[in-house]
Amino acid sequence: MANPKDPSESSFPFSDVPEDIQLFILSLLSPSDIARFASTSKRFVSLCRNDTKLWFNMCHRRWGSKTHISKWGGGNITYKLLYKTLTRWENLIGFWRHCGRADLSDHCPRFIVFEWGPSFVSGSRVNGTCQATKSPFLWMGISSDGQIVNFLDLEGQSELPTEGFDCWLDPVCSDQNLVPATLNFMGNNHFMVEENSNFWHCCKRNSSSKNIIEDNEEIVVVGHYSGKPRSLPDRLVPEMYSYFANRTSPGGDKSWRRQRKKEKERQGRRKWEPEHFLKLIDCLPTGDKPMQSL
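The structure displayed is predicted, hence computed values, not measured ones.

(A) How the structure looks around the packing of helix α2 (residues 19-26) against helix α5 (residues 51-63). The contact between α2 and α5 brings their axes to 9 Å, and the two run at 45°. Between α2 and α5, the angle falls in the class oblique. Both α2 and α5 take part in a crossing whose hand is right-handed. For the pair formed by α2 and α5, the contact residues are E19, D20, L23, F24 and L26 on the first element and K53, L54 and R61 on the second. Here the contact of α2 with α5 is composed, by residue class, of 4 nonpolar, no polar and 4 charged.

In structure tokens:
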């Protein structure tokens, strides 16, 4: 009887596989697996950094049926950055309810529904009960320089043009009802939204110099600051020195008081107070639970 064929005789190394097949296989892995694979050989580093073939395919496979992948950031951002951003925002899709204080302002909704847009994620107020209607509440997107941009729509009256989110950023400064905001995630089912009072200052600074941050794999655009992992952003270092100098130098107490006064004045001009929202799990009726969500 003939001996069975040794499997090792028909195997060949991954480096001998055609590049298109290599990229397809890699696109099925998670970013952490890709990073580990890239560390095995210098030859595979460039393969794992292939943005147009590898990271685009990863984005398109996961969200291509829900949004226009190539339109995010005006088509000027890396797909690796887009993948990381959409992975973080994907869990927002669905219904959320306000939690915390009972005396809500007129601008704060009790319920929000997040949906995919062509090049953004939108959060809408859910008004009414039996005949519910929606109105804009929160716009989330990425600028052409890779900056995360969120805007609260206090009046719920703005409309996004068909050109896309990035084209919308130019005239947005003139709309007094749109407030720059920051979303702070606390796990998967809880986030806080607060006004980003430093947004316009950051925009002016970023227009003169492009901010980058170095991660463990490569230099990628992420938006707000530049620096190495676990290091302070460059812009915070002079602010820290200035803060402690004002506190310890002669006359520093007066400078510190003036600084505190300006801070209080800035807080007094706030259009939005921090609010918390929790995700509604199993909020839609199913065959087993037809009365669910009523």
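(B) Inspection of the sheet that holds strand β2 (residues 111-116) at higher detail. Within the closed barrel, the 8 strands sit side by side as β1-β2-β3-β4-β5-β6-β7-β10. Their pairing is antiparallel. On average, each strand axis in the sheet is inclined to that of its neighbour by 35°, with strand direction left out of account. In the sheet, strand β7 (residues 190-195) pairs with strand β10 (residues 275-279) via 4 bridges, with the strands oriented antiparallel. Residue H190 lies in a different strand from β10, and its bridge partner there is L278.

(C) The arrangement of the environment of F56 in detail. By secondary structure assignment, the location of F56 is in helix α5. Along the backbone, F56 and Y79 are 23 residues apart, and their C-alpha atoms lie at a distance of 5.5 Å. Those residues in contact with F56, other than ones at most four positions away along the chain, are D51, I69 and Y79.

(D) Main features of the pairing of β2. Relative to β2, strand β1 (residues 94-99) runs antiparallel, the two sharing 4 bridges. When the sheet's bridge partners are listed, W96 is paired in β2 with I112. With 5 bridges joining them, β2 and strand β3 (residues 121-127) adopt antiparallel strand pairing. From the neighbouring strand, W116 faces β3, where its bridge partner is V121. In sequence, β2 turns back onto β3 through a hairpin of 4 residues.

(E) Broad picture of the nonpolar core. Core analysis: the largest hydrophobic core is formed by 43 residues, its most contacted members being W72, L82, F114 and L152. Ranked by the residues each element gives to this core, the list is headed by helix α6 (residues 79-89), at 6 residues. Residues F120, W139, F151 and L178 belong to the second largest nonpolar core, which totals 7 residues.

(F) Focus on the pattern of salt bridges. Tallied over the entire structure, the rule returns 3 salt bridges. Between R62 and E90 there is a salt bridge; the shortest N-O distance is 2.7 Å. In this pair, R62 sits in helix α5 while E90 sits in the loop between α6 and β1, placing the two residues 28 residues apart along the sequence. A residue is classified by how much of its surface remains accessible, and E90, at 22% relative accessible area, is partly exposed. We note a salt bridge from K134 to E115, for which the minimum N-O separation is 2.8 Å. Here K134 is found in strand β4 (residues 133-142), whereas its partner E115 is found in strand β2, with 19 residues between them in sequence.

Basis of the calculations
- Residues numbered from 1 in each chain as written.
- Predicted model: local features only at pLDDT ≥ 70, side-chain atom pairs only at ≥ 80, totals over all residues.
- Heavy atoms only, no water.
- Axes fitted to C-alpha atoms, helices over the stretch in contact; angles between N-to-C directions.
- Helix = DSSP H or I, 4+ residues; strand = E, 2+ residues; numbered from the N terminus.
- Parallel < 35°, antiparallel > 145°, perpendicular 65-115°, else oblique.
- Left-handed = near helix turned anticlockwise from the far one by under 90°.
- Contact = heavy atoms within 4.5 Å.
- Nonpolar A, V, L, I, M, F, W, Y, C, P; charged D, E, K, R; others polar.
- Pairing = 2+ DSSP bridges.
- Core = buried A, V, L, I, M, F, W, Y, C linked by side-chain atoms within 4.5 Å.
- Buried < 20%, exposed > 50% of the residue type's maximum accessible area, 1.4 Å probe, protein only.
- Salt bridge = Lys/Arg side-chain N within 4 Å of Asp/Glu carboxyl O.

Keep in mind that these numbers describe shape and distance, not what the molecule does.
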